[in-house]
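# Summary of structural features
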Number of protein chains: 2
Amino acid sequence: MKIALVGIGKIAIDQHVPSIAASNDWELMATVSRSGTVEGVPAFNDLGTMLAERPDISAVSLCLPPVPRYEYAAACLKAGRHVMLEKPPGATLAEIHALNAIARDADVTLFATWHSRMAKGVHAAKAALAGKTIKHGHIDWKENVRQWHPDQDWVFEPGGMGVLDPGINALSIMTEVLPNPVHLQSAVLHTPSNRQTPIRAEMKFTSNVTASFDWLKEGEQTWEQRFTATDGTVVHLLDGGNRCVVDGEERALDALGEYPALYARMAELVKNGQSDVDLSPMVHVSDIMTLARREIAPAFDW
Amino acid sequence: MKIALVGIGKIAIDQHVPSIAASNDWELMATVSRSGTVEGVPAFNDLGTMLAERPDISAVSLCLPPVPRYEYAAACLKAGRHVMLEKPPGATLAEIHALNAIARDADVTLFATWHSRMAKGVHAAKAALAGKTIKHGHIDWKENVRQWHPDQDWVFEPGGMGVLDPGINALSIMTEVLPNPVHLQSAVLHTPSNRQTPIRAEMKFTSNVTASFDWLKEGEQTWEQRFTATDGTVVHLLDGGNRCVVDGEERALDALGEYPALYARMAELVKNGQSDVDLSPMVHVSDIMTLARREIAPAFDW
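Residues numbered from 1 in each chain as written. Chains lettered and ligands numbered in written order. Predicted model: local features only at pLDDT ≥ 70, side-chain atom pairs only at ≥ 80, totals over all residues. Heavy atoms only, no water.

### Focus on the sheet that holds strand E5 (residues 82-85) of chain A
Residues and elements named next belong to chain A. The sheet built from six strands is open, its strands ordered E3-E2-E1-E4-E5-E6 with parallel pairing. Of all the strands in the sheet, just strand E3 (43-44) and strand E6 (110-112) have a single pairing partner and so form its edges. Relative to strand E2 (residues 27-32), strand E1 (residues 2-6) runs parallel, the two sharing five bridges. By the bridge assignment for E2, Leu 5 is matched with Thr 31. Docked against the sheet, helix H3 (residues 66-78) engages E1, strand E4 (59-62), E5 and E6, running at close to 160° with respect to E5. Seen against the sheet, helix H8 (residues 258-272) touches E1, E4, E5 and E6 and runs at an angle of roughly 150° to E5. (Pairing = 2+ DSSP bridges. Helix = DSSP H or I, 4+ residues; strand = E, 2+ residues; numbered from the N terminus. Contact = heavy atoms within 4.5 Å. Axes fitted to C-alpha atoms, helices over the stretch in contact; angles between N-to-C directions.)

### Examining the packing of aromatic side chains
Tallied over the full model, the rule gives 10 aromatic pairs over all chains. Between the aromatic rings of B:Phe156 and B:Phe300, the centroid separation amounts to 4.9 Å while the plane-to-plane angle is 40°, which identifies the pairing as tilted. Of this pair, B:Phe156 sits in the loop between helix H6 (145-148) and helix H7 (164-177) while B:Phe300 is found in the segment after strand E15 (293-297), placing the two residues 144 residues apart along the sequence. According to the relative accessible area criterion, B:Phe300 is buried, its value standing at 2%. Chaining the aromatic ring pairs together yields one cluster made of A:Phe156, A:Trp215, A:Phe300 and A:Trp302. (Phe/Tyr/Trp six-rings, centres within 6.5 Å; stacked < 30°, edge-to-face > 60°. Buried < 20%, exposed > 50% of the residue type's maximum accessible area, 1.4 Å probe, protein only.)

### A few points about the interface of chain A and chain B
The partner chain B presents 26 residues to the 26 residues of chain A that form the contact. Summed over the shared surface of chain A and chain B, the result is two salt bridges. Here A:Arg293 and B:Glu157 are joined by a salt bridge, their closest N and O atoms 2.7 Å apart. Counting every contact that joins chain A to chain B gives eight residue pairs in polar contact (both at pLDDT 80 or more). Among the elements of the structure, H3, helix H4 (93-106), helix H9 (280-291) and strand E15 (293-297) of chain A are those that each provide at least two residues to the side of chain A that touches chain B. Residues that form the side of chain A that touches chain B fall into these classes: 13 nonpolar, eight polar and five charged. (Salt bridge = Lys/Arg side-chain N within 4 Å of Asp/Glu carboxyl O. Polar contact = N/O pair within 3.5 Å; in protein donor to acceptor, adjacent residues only side chain to side chain. Nonpolar A, V, L, I, M, F, W, Y, C, P; charged D, E, K, R; others polar.)

### Quick word on the environment of B:Arg226
Residues and elements named next belong to chain B. Tracing the sequence through the fold places Arg 226 in strand E11 (residues 222-229). Exposure remark for Arg 226: the relative accessible area of 41% places this residue in the partly exposed category. Note: C-alpha distance between Arg 226 and Val 245 (19 residues apart in sequence) is 9.4 Å. Residue contacts for Arg 226: discarding those within four places in its chain leaves His 136, Gly 137, His 138, Val 234, Val 235 and His 236. Side chain to side chain, Arg 226 and His 236 meet in a polar contact 3.4 Å long.

### A word on the side chain of B:Arg117
Residue and element names in this part refer to chain B. You can see Arg 117 is positioned in the loop between strand E6 (110-112) and helix H5 (122-129). For Arg 117, the side chain forms a polar contact with the side chain of Thr 175, separated by 2.9 Å. Of note is the side chain of Arg 117, whose polar atom sits 2.8 Å from the side chain of Asp 278. When residues no more than four places from it in sequence are discounted, the contact partners of Arg 117 are Val 122, Ser 172, Ile 173, Thr 175, Glu 176, Asp 278, Ser 280 and Pro 281.

### Here we look at the relation of the copies chain A and chain B
In screw terms, the move from chain A to chain B is a rotation of 180° and a rise of 0.0 Å along the axis, fitting with an RMSD of 0.0 Å. Such a combination of rotation and displacement between the chain copies is what one expects of a two-fold axis. Most of the interface of chain A is mirrored in chain B, where 100% of its interface residues are also at the interface. (Least-squares fit on C-alpha atoms with pLDDT ≥ 70 in both.)

### Regarding the pairing of strand E11 (residues 222-229) of chain A
All names here are of chain A. The pairing of strand E7 (residues 134-142) with E11 spans eight bridges and is classified as antiparallel. Residue pairing in the sheet places Lys 142 in a bridge with Thr 222 of E11. Taken together, the four bridges between E11 and strand E12 (residues 234-238) define a ladder with antiparallel strand orientation. Directly across from Gln 225, in E12, lies its bridge partner Leu 237.

### Topic: the packing of H9(A) against helix H4 (residues 93-106) of chain B
Close contact between H9(A) and H4(B) brings their axes to 8 Å; oriented N to C, the two are set at 125°. Judged by the inter-axis angle, H9(A) sits oblique to H4(B). Along its contact with H9(A), which presents A:Val283, A:His284 and A:Asp287, the element H4(B) presents B:Leu93, B:Ala94 and B:His97. Residues belonging to the contact of H9(A) with H4(B) are distributed by class as follows: three nonpolar, two polar and one charged. (Parallel < 35°, antiparallel > 145°, perpendicular 65-115°, else oblique.)

### Section: the domain arrangement of chain A
Residue and element names in this part refer to chain A. By the assigned domains, chain A splits into domain 1 (2-112) and domain 2 (120-253 + 285-297). Look at where the C-alpha atoms of domain 1 and domain 2 centre, and you get two points 27 Å apart. Across the boundary between the two partners, domain 1 contributes six residues, which contact eight residues of domain 2. When the two sides are added together, the surface that domain 1 and domain 2 hide from each other amounts to roughly 570 Å², 66% of it contributed by carbon and sulfur. Broken down residue by residue, the surface that domain 1 buries against domain 2 is led by Pro 66, Lys 87 and Pro 88, which jointly contribute 56%. (Domains from an automatic or database assignment. Buried area = accessible area lost by both parts, 1.4 Å probe.)

### A closer look at unusual backbone geometry
All names here are of chain A. The omega torsion across Lys 87 and Pro 88 is -20°, close enough to zero to call that bond cis. Tracing the chain through its elements places Pro 88 in the loop between E5 and H4. With a phi angle near 50°, Asp 247 is a residue other than glycine that sits in the positive phi range. Turning to its location among the elements, Asp 247 is positioned in the loop between strand E13 (243-246) and strand E14 (249-250).

### Focus: the pairing of strand E1 (residues 2-6) of chain B
Residues and elements named next belong to chain B. With four of five residues buried, E1 lies mostly within the body of the structure. Chirality of the crossover, the property in question, places the unit of E1, helix H1 (residues 10-22) and strand E2 (residues 27-32) among those that are right-handed. Relative to strand E4 (residues 59-62), E1 runs parallel, the two being bridged by four bridges. Residue pairing for E4: Ile 3 is matched across the bridge by Ala 59. (Right-handed = clockwise from strand over helix to strand, strands pointing away.)

Printed below as a string of structure tokens:
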């Protein structure tokens, strides 16, 4: 199946291009970007032109920041193309509800991806907690924004979500592995005095689940979740979900990496004529932004 | 049908009690409150006791602030009672999704009410815009918080929503009357330097719909919406939706007031075994809280 990539930045080059190249389902036939290109692949700098000139390309994968994403996604769906969205699927919940309706009307696939859900240990964690009741849990998602998003000022602009941008990865795993949904009870957001979005966040959910997101972590980077069930089972996800330890024992991992697994899933959805739009990680982020107490943190500069 | 009221404050006394008294469907059989009572009605100060001692009461109407509401609603639904929620239905979207699931499991009615949708001109406005395309629109929702919420500090605490508490009334009307959904494109929130929630908000939605919420309006209070369709139709809702003028002509109004209409609708839902949980006004508020640029406003004191 033929696919186009829109938005040729770091994530497209590092993850999407090699995942498509390694896939038996997909062939990269075009890119759309104002600046980036992929060697050997026809490059467009305008989406409308690509859609008009390449009716043979049935699917489009969008790797744009959340704020501009809606217009591109709506245009692709209305042109009858299947669409795959990087996380988060948009800047607002209402716009994803709208995209969902457009996809249904156009009878095409919409896939709101959560790449961290495809981390290699997530299935094992979900299986280990299935049918159980959570007694307590904690998430630590602590990384260095200067290392992972150098000079990307948009992450601190409205809609950029700040530390909730990596944090939504943690929440996408949490919502996948927990046997029952939780909801936010309280949160504190720490926003640098010269920025719009939080750099540190503390959350308290029901079922005694807490989470701590920090974007100023130097040295070892920490992406871990640990859940204890009432029957004593302890599930520990490490390395962003790519290792799973249950009651002290390493569990077998999935074979495919995150992005190759997303493209395999997209192929399956298109073949089955289905969509997959689970907004629960984004609902938690919206709830955090709505309910949190806000504190002012020291100014942040790169 | 027998009903209990939980949370006997200003809104319960001013609106709920007289609406139930005037209804042919409902009889007020109990109140639950730590402080308030209603003359001639058995008063409980604990919900669990009321649920245990009064199995004859099949429905509960909750008039509590949004933050404590979930635990009460969940307890009532799990006890097999139909539940009616004041707006907004909760402090988070995730908790309403959870309540919805509990209501389905218990096979009882959950009604997330939006009283402003029952304002007397809303049906006329919706009918006048049906099938049309919006060219532009504007909402002005400007009132004096000192008049309407004197000394209620909780409105400025996290979860209290600030000016988005009256603003969600405007959004509940907007989502009802517009022929197609809109979504937020940008917003600015002005939060007093000594408070947690906004006192003024400016929103820009798709379809050229803008909104302006202000909680410091003295003198005449303004609750108006005006929508112009591409065919030239102009729909003007005034007095919080209680007057509707289409192309300069006053339209006929509904007979029932807002709260009597809510209790009539609740009776209908219970009789039909249905629920009514439309979260779209709250989704817009969450989107505003997520996407807005935040500015600091002068300190606010009562």
